[in-house]
Amino acid sequence: MSLKDRLKAEIAASGPIPVAEYMVRCLHDAADGYYATRPALGGGGDFVTAPLVSQMFGELLGIWCVESWTRLGRPERFRLVEMGPGDGTLMSDLLRAVRLAPEFLAAADLWLVETSGPLKAAQAGKLAGSGAQWADSLDAVPGGAPLVLIANELFDCLPARQYVQTPGGWVERLVGLTPEGELTFGLAPSEHGAAPAEGAMILEVSPAQDALAGAIAARVVADGGAALIVDYGRDKPEFGDTLQALKGHEKVGALDYPGESDLTVHVDFPSLLTAAREAGADATDPVPQGLFLGRLGIQHRAEALVAARPDRSMVIGRQLARLVAPDQMGELFKAVSIHQPGFEAPGFET
Ligand SMILES: C[S@@+](CC[C@H](N)C(=O)[O-])C[C@H]1O[C@@H](n2cnc3c(N)ncnc32)[C@H](O)[C@@H]1O
């Protein structure tokens with residue numbers, strides 16, 4: 001039985017489910033979830049991420065990690081952690097770039113936090129000989145040493161709940177069934193019984209994004225360290241439904257291919273930063289990816305790559321534009337740092 005048919009049967013038996021629960025089932029269901037069974041990153045897959053656009057992304061995040069370790073006082077032992085490492089490309093590019101800093105590498109205890117079996121296998125293939133260890137959650141990465149953590153496009157696949165404005169107040173949006181038995185969006189029963197107006201506002205909240213930011217913050221407060229989070233999302237509170245499904249690089253309906261399409265929401269940066277600050281960490285405000293990569297030196301890196309391979313100058317120029325141009329990934333994607341109090345995160349200097 002497909003995941004879609006199982007969800008229909010479960011909803012018929014037990015009632016509609018919150019959007020957040022639908023996301024978790026679609027992404028992580030053990031038998032049919034997208035990440036659990038068939039994640040497909042890259043040109044021939046469902047979506048492309050920054051490290052798959054260009055090696056420059058991972059290399060510059062490597063520079064960020066070395067500079068952060070330096071500003072932390074070059075600890076002799078620290079945990080270098082990537083959360084949601086995809087097919088391992090980012091870490092592989094990062095490790096190649098930081099060979100120029102052998103003391104950093106010698107001090108690093110490398111951990112990858114990943115829930116997907118197929119992606120763990122891909123990472124193990126790409127990172128053979130790196131000494132990497134795997135954990136299912138940040139909690140399973142040992143404490144007791146400072147943290148330098150990166151996460152690119154992880155927070156957007158954490159579940160969000162949605163609420164719809166009705167004349168009687170905010171009511172949770174659920175996934176239920178049409179009279180014909182197909183998946184559809186609906187509302188939780190409300191005591192007012194009021195239907196939303198045409199074009200009613202939708203409010204998204206992600207306790208899971210806030211909880212992870214809070215957990216990262218608690219670690220850098222307890223053990224010292226700095227974390228870099230890059231993702232697409234809003235840098236001020238906004239209303240709107242951002243649930244999006246991608247399959248074969250095309251947007252498809254969020255209810256059309258459960259488990260067979262990637263499902264994401266925009267990251268709520270203001271909310272996760274509040275969670276991090278409430279846990280005692282310092283956190284920067286979001287900086288657009290184009291500006292952030294520019295501060296880390298992406299123009300120079302692109303020029304060096306072109307100098308080494310003039311025949312690839314057009315390709316490298318296109319990759320650079322994809323990462324930094326405001327109408328491509330440069331504005332929608334944002335970087336934030338969550339770090340120990342008093343730390344000055346590289347790339348966020350004002
Ligand atoms: C969109 S991919 C991004 C991959 C990679 N960071 C990149 O930029 O190419 C999301 C990654 O997060 C992982 N992931 C999803 N949910 C997770 C969770 N709750 N904990 C840890 N990793 C998770 C996925 O398996 C995948 O590796």
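Whatever comes next refers back to the structure up there.
The paragraphs below set out a description of the structure included in this document. Predicted, not measured: the structure shown is a model, and the values here were computed from it.

### Focus: the site of the ligand
The immediate surroundings of the ligand are formed by 20 residues, with Thr-49, Gly-84, Gly-86, Glu-114 and Asn-152 found nearest. Thr-49 places a polar side-chain atom, nitrogen or oxygen, 2.5 Å from an oxygen atom of the ligand. At 2.7 Å from a nitrogen atom of the ligand is found a main-chain nitrogen or oxygen belonging to Gly-84. Relative to its unbound accessible area of 590 Å², the ligand is 93% covered by the protein chains. Of the pockets mapped on this structure, the ligand occupies the largest pocket. Residues that form the shell around the ligand fall into these classes: 10 nonpolar, seven polar and three charged.

### Structural notes on the nonpolar core
Trp-64, Leu-80, Leu-94, Phe-104, Leu-228, Phe-292 and Leu-323 are the most contacted members of the largest nonpolar core, which has 49 residues in total. Contacts of Leu-323, omitting those with residues within four sequence positions, involve Ala-50, Val-53, Ser-54, Phe-57, Gln-289, Gly-290, Leu-293, Ile-298, Met-329 and Gly-330. By size, the runner-up hydrophobic cluster in this structure holds 29 residues, among which are Phe-269, Leu-272, Leu-273 and Ala-276.

### Observations regarding helix α5 (residues 55-71)
Along its 17 residues, α5 runs 25 Å from first to last C-alpha, staying within 8% of the 24 Å computed at 1.5 Å per residue. Of all 17 residues in α5, 12 are buried; the element is thus mostly enclosed. Within α5 the residues assigned to the buried category are Met-56, Phe-57, Gly-58, Glu-59, Leu-60, Leu-61, Gly-62, Trp-64, Cys-65, Val-66, Ser-68 and Trp-69. The opening residue of α5, the one whose side-chain oxygen lies 2.9 Å from the backbone nitrogen of Met-56, is Ser-54. Looking one or two residues past α5, Gly-73 carries a phi angle of roughly 95°, positive in sign.

Cut-offs applied
- Residues numbered from 1 in each chain as written.
- Predicted model: local features only at pLDDT ≥ 70, side-chain atom pairs only at ≥ 80, totals over all residues.
- Heavy atoms only, no water.
- Near = heavy atom within 4 Å.
- Polar contact = N/O pair within 3.5 Å; in protein donor to acceptor, adjacent residues only side chain to side chain.
- Areas by Shrake-Rupley, 256 points an atom, 1.4 Å probe, with all protein chains shown as cover.
- 1 Å grid on protein atoms, 1.4 Å probe; cavity = no way out; pocket = protein on both sides within 12 Å on 5 of 7 lines; lining within 4 Å.
- Sits in = over half its atoms within 2 Å of the grid points.
- Nonpolar A, V, L, I, M, F, W, Y, C, P; charged D, E, K, R; others polar.
- Core = buried A, V, L, I, M, F, W, Y, C linked by side-chain atoms within 4.5 Å.
- Buried < 20%, exposed > 50% of the residue type's maximum accessible area, 1.4 Å probe, protein only.
- Contact = heavy atoms within 4.5 Å.
- Helix = DSSP H or I, 4+ residues; strand = E, 2+ residues; numbered from the N terminus.
- Expected span 1.5 Å × (residues − 1).

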